[in-house]
Amino acid sequence: MLNIQLDPETEARLVEILAKEKTTSDELIKRLVKERWLSLQPRQTIVERRGGHPEHLLELSGVRISID
């Protein structure tokens, strides 16, 4: 359980955000924490995002090339 004290201006902003996004404070906090956590993670390369190197490109005349 998380219990925080907000100043009136921040609380008013929170109420407005919750109303516009039709969500609960719990869900909003979870989403914000996840977004911030993801922003701190190292970015994947385009090759990693596409699932890694294609196997056929890692083979050269029957010799398996490992890129570890």
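As a reminder, the structure under discussion sits directly above these lines.
The rules behind each value
Residues numbered from 1 in each chain as written. Predicted model: local features only at pLDDT ≥ 70, side-chain atom pairs only at ≥ 80, totals over all residues. Heavy atoms only, no water. Salt bridge = Lys/Arg side-chain N within 4 Å of Asp/Glu carboxyl O. Helix = DSSP H or I, 4+ residues; strand = E, 2+ residues; numbered from the N terminus. Buried < 20%, exposed > 50% of the residue type's maximum accessible area, 1.4 Å probe, protein only. Axes fitted to C-alpha atoms, helices over the stretch in contact; angles between N-to-C directions. Parallel < 35°, antiparallel > 145°, perpendicular 65-115°, else oblique. Contact = heavy atoms within 4.5 Å. Nonpolar A, V, L, I, M, F, W, Y, C, P; charged D, E, K, R; others polar. Patch = residues over 30% accessible without salt bridge, like charges linked within 9 Å, V, L, I, M, F, W, Y side chains within 5 Å. Areas by Shrake-Rupley, 256 points an atom, 1.4 Å probe, with all protein chains shown as cover.

Explain the pattern of salt bridges here, please?
Overall, the coordinates contain 5 salt bridges when judged by the stated rule. One salt bridge in this structure joins arginine 31 and glutamate 35, with 3.6 Å as the shortest N-O distance. Placement of both arginine 31 and glutamate 35 in helix H2 (residues 25-40) is noted, with a separation of 4 residues, approximately one turn of the helix. On the basis of relative accessibility, which here comes to 44%, the residue glutamate 35 falls in the partly exposed class.

Whenever I open this one, unusual backbone geometry confuses me. Can you help?
Negative phi values dominate among residues other than glycine, just as trans dominates among peptide bonds. Of note in the backbone geometry, lysine 22 takes a positive phi value of approximately 50° without being a glycine. Positionally, lysine 22 belongs in the loop between helix H1 (8-21) and H2. Exposure remark for lysine 22: the relative accessible area of 75% places this residue in the exposed category.

Where do I start with the packing of H1 against H2 in this structure?
The relative placement of two packed helices is expressed as an angle between their axes plus a distance between the axes. Taken N-terminus to C-terminus, the directions of H1 and H2 make an angle of 95°; their axes are 10 Å apart at the nearest point. Between H1 and H2, the crossing angle belongs to the class labelled roughly perpendicular. In this structure, H1 uses Leu14, Ile17, Leu18 and Glu21 to contact H2, whose residues at the interface are Ser25, Leu28 and Arg31. A breakdown of the residues in the contact of H1 with H2 according to their chemical character gives 4 nonpolar, 1 polar and 2 charged.

I keep staring at a nonpolar patch on the surface and nothing clicks. Help me out?
A cluster of nonpolar side chains, Leu2, Ile4, Leu6, Ile29 and Val33, forms an exposed patch at the surface whose accessible area comes to about 430 Å². Summarising the element assignment, leucine 2 is placed in the segment before H1. For leucine 2, a relative accessible area of 58% translates into the label exposed.

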